[in-house]
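# Coordinate analysis (summary)
The residues making up each chain are set out below.
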Amino acid sequence: MASSSTKTLLSLSLFLTLCALSQATYSGLILTLVNNCPYTIWPAIQPNAGHPVLERGGFALHTLTHRSFAAPTTHWSGRIWARTGCSYAHGKFNCATGDCGGRIECDGLGGAAPATLAQFALHHGHADFSSYGVSLVDGFNIPLTVTPHEGKGQCPVVGCRAEILQTCPAVLQLRSHGGHGPVVGCKSGCEAFKTDELCCRNHFNSPQTCKGSSYSEFFKHACPATFTYAHDSPSLMHECSSPRELKVIFCH
C-alpha cells in the first residue's frame, strides 16, 4: 500500500500535470465569446471550406457568461454569429434567427439570414496577422463587437453596437411567429427583395457594378465600421499581429 507521502507526491504530480495541460491548451490565440445580452443566445461557428469546425459549431451561452477556447495554431478562417429565440417545440430545436438546420451544434452548417456576422482570418501573412470584421451583408439580428487583446500594430475594436431592431424599416423587418410577433431581425435589401442588383449577383458581381443602396446605407449609418454589401469597404481597417485573444462580445 502506498504511504501517505507517496500519495501526496502523486496528487501533487497530477495537479501540476493538469495545470500544465491547461496552460498548453491556451498557449496560443484564444477565442472568447461573451454574452452581455439579458437572455440566452446560441453562438454558432462555421469554418470556411477546408478548415476545421470549432466547438462542434455551436452551443448555448447563458446571459452574462462567456466561453473561451483555443483557436487553431495554423491558418483558419470562418464566421461566428448568434442564434436568438431558440427553443424546443414538438421535439425539434428551432431558432427565430440564425438557425442552422434545427441543430444545437451546427457542425459546419451556415445560418439563416438575417444575422450579424463576425468574420475571421487567423494566422496569415508574414507577421502572423489575425484579420477580423463584422458584416451586416446578411442583415442584423444582434449587436456584437470584436475586441482584440495584446496584438501588435493596428488592432481596433470593430462591430455594431447599435440596436438596429428598434429602427429597422418596415420592409426589412423579420417578425417572429409567422410575421405576427415582435421584430427579431432586420433583413438586408438582398434578403428582402432578392434582386441581382441588391445581391451583387451576375452582372452586378464586381467592385465596379456592385454598389451600395438605400438599404445598405441604413446599416452603414448605424454602424460605420461594418461591411454592408458584398464589395463594401468598412471605414476602419487594421493589421493586427499576434493577438493573444479575440473576444466576440454580444450586446456590447
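Because the structure is a prediction, the values reported are computed rather than measured.

Reading guide: rules and limits
Residues numbered from 1 in each chain as written. Predicted model: local features only at pLDDT ≥ 70, side-chain atom pairs only at ≥ 80, totals over all residues. Heavy atoms only, no water. Helix = DSSP H or I, 4+ residues; strand = E, 2+ residues; numbered from the N terminus. Buried < 20%, exposed > 50% of the residue type's maximum accessible area, 1.4 Å probe, protein only. Contact = heavy atoms within 4.5 Å. Areas by Shrake-Rupley, 256 points an atom, 1.4 Å probe, with all protein chains shown as cover. 1 Å grid on protein atoms, 1.4 Å probe; cavity = no way out; pocket = protein on both sides within 12 Å on 5 of 7 lines; lining within 4 Å. Points joined across faces, edges and corners; volume = space filled by probe spheres on them. Nonpolar A, V, L, I, M, F, W, Y, C, P; charged D, E, K, R; others polar. Salt bridge = Lys/Arg side-chain N within 4 Å of Asp/Glu carboxyl O. pLDDT = per-residue confidence, 0-100.

Before going further, it helps to spend a moment on the overall build of the protein chain. When its secondary structure is counted, the protein chain shows five helices and 15 strands. Taking all 252 residues of the protein chain together, 42% fall into the buried category. The long-range fraction of contacts in the protein chain, counting pairs at least 24 apart against all pairs at least 6 apart in sequence, stands at 63%. Within the structure as shown, the protein chain displays about 12,900 Å² of accessible surface, and the carbon and sulfur contribution to it stands at 55%.

This paragraph deals with the layout of surface pockets. What the largest pocket holds in volume is close to 220 Å³. What lines the largest pocket is a set of 19 residues, and nearest its centre among them are V137, S188, C190, L198 and C199. Broken down by secondary-structure element, the contributors of at least two residues to the lining of the largest pocket are α3 (189-193), α4 (196-199) and α5 (214-222). Among the residues forming the lining of the largest pocket, the class breakdown is 10 nonpolar, five polar and four charged.

The subject of this paragraph is the environment of L33. Among the structural elements, L33 can be located in strand β1 (residues 30-35). Judged by its relative accessible area of 0%, L33 falls in the buried class. For the pair L33 and V248, spaced 215 residues apart in sequence, the C-alpha to C-alpha distance is 4.9 Å. L33 has contacts with P43, F59, L61, T65, H66, R67, F69, I80, V248 and F250, leaving out every residue within four places of it along the chain.

A few words on the pattern of salt bridges. Overall, the coordinates contain six salt bridges when judged by the stated rule. Ionic pairing is found between E105 and R56, a salt bridge with its closest N-O pair at 3.8 Å. Here the residue E105 occupies a position in the loop between β6 (92-94) and β7 (117-124), and R56 occupies one in the loop between β2 (42-47) and β3 (65-70), the gap between them amounting to 49 residues. For E105, a relative accessible area of 36% translates into the label partly exposed. When its relative accessible area of 60% is taken as the criterion, R56 is described as exposed. Close ionic contact of E191 with K194 constitutes a salt bridge, the shortest N to O distance being 3.7 Å. Under the relative-accessibility criterion, E191 is labelled partly exposed at 28%. Judged by its relative accessible area of 51%, K194 is exposed.

Moving on, we come to the confidence of the model for the protein chain. Overall, the predicted model of the protein chain reaches an average pLDDT of 90, with 88% of residues at or above 70. Confidence over residues 4-25 falls short of pLDDT 50; this stretch has two contacts with residues more than four positions distant or in other chains.

Attention now goes to unusual backbone geometry. A cis amide bond links A113 with the next residue in sequence, P114, at an omega value of 0 degrees. One can find P114 in the loop between β6 and β7. One non-glycine residue, E55, adopts positive backbone phi at about 50 degrees. Its location among the elements puts E55 in the loop between β2 and β3. A relative accessible area of 27% places E55 in the partly exposed class. Positive phi is not limited to glycine here, since S242 has a value of about 50 degrees. For S242, the location among the structural elements is in the loop between β14 (239-241) and β15 (245-250).

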